[in-house]
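Results of the structural survey
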Amino acid sequence: MAEEASSPSPSPSPSSNTDPSPTEHKPYVLLLHGLGDSGASFVQFGEDFFRGFDYDVPDAPKRSISGNGGAVMRGWADLSHFPVRPTCRLDDGWLSSILRVHALLEEAMKDGRPPSHCFIFGFSQGAALAVAAMRTFPHVLGGVIALSGWDCKAHSGEKPLILEDRGCKTPLFIHHGEEDRVVLPSCSEELKKAFSDAEYVTTPGAIHSVPPSVMVLAKAWLTKRLEGEVSRATTK
């Protein structure tokens, strides 16, 4: 059973919108799709909700997914079963995907963009990856938007996973549909408990999807974070 999201239609736009200018830095957001999806379907999110941002929408590699009868599809790591519960852990591919996210973030910051202006947006397995990558990244980011995801706490079937869990200082915006039967809502409930700075929103009647109204809330949350950062900088 693949994760099925009500994501926008694929767009012919390129998978990266990163401005190469080393002198002026827009805020940056990394968009991570769910299992069985692709970066192309998230390009529209970047165009519609992250105007004024630089963004990347990478594709997960194709791999065999145990929980879907061994079917080959795009996934950030293997997933052993559905529905996903709070105790679920990702297996093969977990470490390499975390390091790939770290590399994209480092690339976004290499010319002076501060970590506080870097964000990760993830849906489902992409949200789980966003949280795990954030936990193990050496800088506190501007925030993570985790929609219908879960907290693997950097566990992995790969041995060893040589990454330090650096804690929960990055703020989170968390959403879950109350009728989600692919990733159970209790996953986001447990995720919220792990973070002191987390805003948790649920949508009655919503399944495993990204409601447009939630994207509006998420963008407002992100904008507020950026405005707060600017305010702190000007008062120093």
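Located above this text is the structure these notes cover.
Residues numbered from 1 in each chain as written. Predicted model: local features only at pLDDT ≥ 70, side-chain atom pairs only at ≥ 80, totals over all residues. Heavy atoms only, no water.

1. Section: helix α3 (residues 125-136)
With twelve residues, α3 extends 17 Å from end C-alpha to end C-alpha; this agrees with the ideal 16 Å at 1.5 Å per step. With respect to burial, α3 is a largely interior element, twelve of its twelve residues being buried. Burial in α3 covers these residues: Gln-125, Gly-126, Ala-127, Ala-128, Leu-129, Ala-130, Val-131, Ala-132, Ala-133, Met-134, Arg-135 and Thr-136. Where α3 is buried, its residues contact β1 (28-32), α2 (94-109), β5 (118-123), β6 (143-147), β7 (172-177) and α4 (186-193). (Helix = DSSP H or I, 4+ residues; strand = E, 2+ residues; numbered from the N terminus. Expected span 1.5 Å × (residues − 1). Buried < 20%, exposed > 50% of the residue type's maximum accessible area, 1.4 Å probe, protein only. Contact = heavy atoms within 4.5 Å.)

2. Some words on the sheet that holds β6
With parallel pairing, six strands are arranged side by side in an open sheet as β2-β1-β5-β6-β7-β8. Taken across any chain shown, the strands that pair with only one partner, and hence form the sheet edges, are β2 (54-56) and β8 (198-203). Neighbouring strand axes in the sheet, compared pairwise and without regard to direction, differ in orientation by 15 degrees on average. Pairing of β7 with β8, which is carried by six bridges, proceeds in the parallel orientation. From the neighbouring strand, Phe-173 faces β8, where its bridge partner is Glu-199. Seen against the sheet, α2 touches β1, β2 and β5 and runs at an angle of roughly 160 degrees to β1. (Pairing = 2+ DSSP bridges. Axes fitted to C-alpha atoms, helices over the stretch in contact; angles between N-to-C directions.)

3. Observations regarding the environment of Met-215
Relative to the elements of secondary structure, Met-215 occurs in helix α5 (residues 212-234). Residue Met-215 is classed as buried on the basis of its relative accessible area, which comes to 1%. Distance from Met-215 to Ile-145, taken between C-alpha atoms, is 9.7 Å for residues 70 residues apart in sequence. Those residues within four positions of Met-215 in sequence are excluded, and the remaining contacts are Phe-45, Phe-49, Phe-50, Phe-121, Leu-147 and Val-210.

4. Quick look at the nonpolar core
Ile-120, Trp-150 and Leu-172 are the most contacted members of the largest nonpolar core, which has 43 residues in total. For this core, the leading source of residues is α3, giving eight residues. Filtering out sequence-adjacent residues up to four positions away, Leu-172 remains in contact with Val-131, Met-134, Val-144, Leu-191, Phe-195, Asp-197, Ala-198, Glu-199 and Trp-221. The next biggest cluster of nonpolar side chains, apart from the first, holds 24 residues, and it includes Leu-31, Met-215, Trp-221 and Leu-226. (Core = buried A, V, L, I, M, F, W, Y, C linked by side-chain atoms within 4.5 Å.)

5. Things to note about the pairing of β1
With respect to burial, β1 is a largely interior element, five of its five residues being buried. Where β1 meets β2, three bridges bridge the pair, whose relative direction is parallel. Across the sheet, residue Leu-30 finds its bridge partner in β2, namely Asp-56. Taken together, the five bridges between β1 and β5 define a ladder with parallel strand orientation. Its bridge partner lying in β5, Leu-30 is registered against Ile-120.

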